[in-house]
Amino acid sequence: MQDIVDEISRLLGASVTLEDRSFNLLAYGAQSGDIDSVRQESILRRRASDEVRAHFEAYGIATATGPVRISGLPGVLGRVCVPLRHDGVTYGYLWALESGELTDERLAAAGPLVGRVAALLAAQARGRYAPLRQFFSADPAARAAAGVVADGPVTAVAVRTPAREAAQLSALPRTLPRGVLADPDVTESGTGEPGAAAFGAAASVVGGGILAILAPAAQAARVAGLLHGLYGLAAGIGGPRDDPRDAWESWREALPALRVAEHAERHAPVADWATLGVYRLLVRLSPRDLAGLAAESAALTPRIAASVEAYLDHAGHAGETAAALGVHRQTLYYRLDKAARLTGLDLGDGEDRLLLHLSLKAAALLGGA
């Protein structure tokens, strides 16, 4: 790739850098002419900042099928971004600083070389598939037989892929950064014998499939955010494990975290096991116990339930709750009184308040109103 980038730089007469889909630097040509802070930081830090990424992605480079000219800003030179696409998938970006000589003819002449480097990135991406379904098994023998090699610390990520988007499932790993492994062949019935059931009803998933991901711990959140940004997919992130052989434990945290991401608005669309709070207890309940807890609030109408939950989420501050709901404080008090009558629970009693709060969270995990 370095040789190809050097040749492209010569053909274009411009300073060139090559980055993967996550803006990690892969190669760069010799500097010619002026240099700006973006190129300098990319080379020194080996990747672009989140602010720079957002600025460039606003030009639609992720879905562009040809060169995109990006205007300069104070301290930032204009440049041309050439998406590196292979079989309809973008694997990275070639960047060339504007030198006054970046004509369409020169860009077209570099087309075959751009195609070669895109094919190389695609070949690397295909190597990111791994039998994670087997690697995440509770059976040590099965994990050893999977032959997955990774450096710790690592984190498991579970990503929902709806049935209507099943055709995209096999292509998703190709958009992931280097060092990230993926297994698209994971469904509700194929998560391993203990699988989601180890965490009770709240870990089960309905319809479609799950993309299993093993990522370096420092990249897990960024990978989940990338897939949500590209495809609108919900994701659950497990806790990090220093030893990759313990990644199956992280997977059994990622699955219930995914369930929370899909049903708890506060944690949507990406839920991290480390920040789930009380949901870490609720997802461990058996289906029967979870349903029993949810039944404590079953008599409430959706509007009353939403008002009570908002009130409890705001730690009993009526003024803040009424403002958040957009109702008069007296309306809120009326709904709270009605909730007490319907449930038989006293909102002035600490244990009753806790029970009702947990009941509403349990109902959300079960997908109830």
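Higher on the page you've got the structure.
Residues numbered from 1 in each chain as written. Predicted model: local features only at pLDDT ≥ 70, side-chain atom pairs only at ≥ 80, totals over all residues. Heavy atoms only, no water.

A. Up close: the overall build of the protein chain. A tally of regular secondary structure across the protein chain gives 16 helices and ten strands. With 369 residues in all, the protein chain has 48% of them scored as buried. Residue pairs at least 24 apart in sequence account for 67% of intrachain contacts in the protein chain once pairs closer than 6 positions are excluded. Here the protein chain displays about 16700 Å² of accessible surface, and carbon together with sulfur accounts for 53% of that area. (Helix = DSSP H or I, 4+ residues; strand = E, 2+ residues; numbered from the N terminus. Buried < 20%, exposed > 50% of the residue type's maximum accessible area, 1.4 Å probe, protein only. Contact = heavy atoms within 4.5 Å. Areas by Shrake-Rupley, 256 points an atom, 1.4 Å probe, with all protein chains shown as cover.)

B. View of the nonpolar core. I8, L12, V16, L18, L84, L94 and L102 are the most contacted members of the largest nonpolar core, which totals 25 residues. For this core, the elements supplying multiple residues, two or more each, are α1 (2–12), β1 (16–20), β2 (25–28), β4 (79–86), β5 (89–97) and α5 (111–126). By residue number, the principal contributor to this core is α5, which donates six residues. The residues touching L12, leaving out its near neighbours within four places in the chain, are A96, S99, E101, L102, R106, L107 and A110. With 19 residues, the next largest nonpolar core counts F136, A146, A254 and L258 among its residues. (Core = buried A, V, L, I, M, F, W, Y, C linked by side-chain atoms within 4.5 Å.)

C. Broad picture of the sheet that holds β4. Ordered in space as β2-β1-β5-β4-β3, the five strands form an open sheet in which the pairing is antiparallel. Both outer strands of the open sheet, β2 and β3 (68–70), are each paired with one neighbouring strand and no more. For this sheet, the mean inter-axis angle between neighbouring strands, taken without regard to orientation, is 25 degrees. Both β1 and β2 contribute to a ladder of three bridges, which runs antiparallel. Looking across to β2, one finds that L18 is bridged to A27. (Pairing = 2+ DSSP bridges. Axes fitted to C-alpha atoms, helices over the stretch in contact; angles between N-to-C directions.)

D. Main features of the packing of helix α14 (residues 318–325) against helix α15 (residues 329–343). α15 packs onto α14 with a crossing angle of 100 degrees between their chain directions and a minimal axis gap of 9 Å. Our classification of the angle between α14 and α15 gives roughly perpendicular. Together, A318, G319, T321, A322 and L325 of α14 and R329, L332 and Y333 of α15 make up the contact between the two elements. Residue composition of the contact of α14 with α15, by class: five nonpolar, two polar and one charged. (Parallel < 35°, antiparallel > 145°, perpendicular 65-115°, else oblique. Nonpolar A, V, L, I, M, F, W, Y, C, P; charged D, E, K, R; others polar.)

E. Spotlight on the packing of aromatic side chains. Summed over all chains, the structure comprises six aromatic pairs. Both rings, one in Y93 and one in W95, keep their centres 6.0 Å apart while their planes meet at 50 degrees; by these two values the pair is tilted. The exposure classification of Y93 matches that of W95, with both residues buried. Their ring planes at 45 degrees and their centres at 6.1 Å tell us that F135 and F136 sit as a pair that is tilted. Exposure remark for F136: the relative accessible area of 1% places this residue in the buried category. (Phe/Tyr/Trp six-rings, centres within 6.5 Å; stacked < 30°, edge-to-face > 60°.)

F. Structural detail: the layout of surface pockets. Reported here for the largest pocket is a volume of approximately 630 Å³. Around the largest pocket sit 30 residues that line it, and Y279, E309, L360, K361 and A364 are the ones nearest its centre. Looking at the lining of the largest pocket, the elements that each hand over two or more residues are α13 (302–313) and α16 (350–365). If one sorts the elements of the lining of the largest pocket by residue count, α16 sits on top with seven residues. (1 Å grid on protein atoms, 1.4 Å probe; cavity = no way out; pocket = protein on both sides within 12 Å on 5 of 7 lines; lining within 4 Å. Points joined across faces, edges and corners; volume = space filled by probe spheres on them.)

G. Broad picture of the environment of I210. Within the element layout of this structure, I210 appears in strand β8 (residues 209–216). When its relative accessible area of 0% is taken as the criterion, I210 is described as buried. I210 sits 27 residues away from D183 along the chain, and the two C-alpha atoms are 8.8 Å apart.

H. Representation of unusual backbone geometry. Across the junction of G152 and P153, the peptide omega takes the value -5 degrees, indicating a cis bond. Considering the arrangement of structural elements, one finds P153 in the loop between α7 (140–146) and β6 (154–161). Omega for the bond connecting A268 with P269 falls within 30 degrees of zero, at 0 degrees, which places this linkage in the cis form. Within the element layout of this structure, P269 appears in the loop between α10 (247–263) and β10 (270–272). Despite not being glycine, D87 shows a phi value in the positive range, around 55 degrees. Topologically, D87 is positioned in the loop between β4 and β5. Even without being glycine, A315 reaches a positive phi, approximately 60 degrees. Mapped onto the elements, A315 comes out in the loop between α13 and α14. Judged by its relative accessible area of 56%, A315 is exposed.

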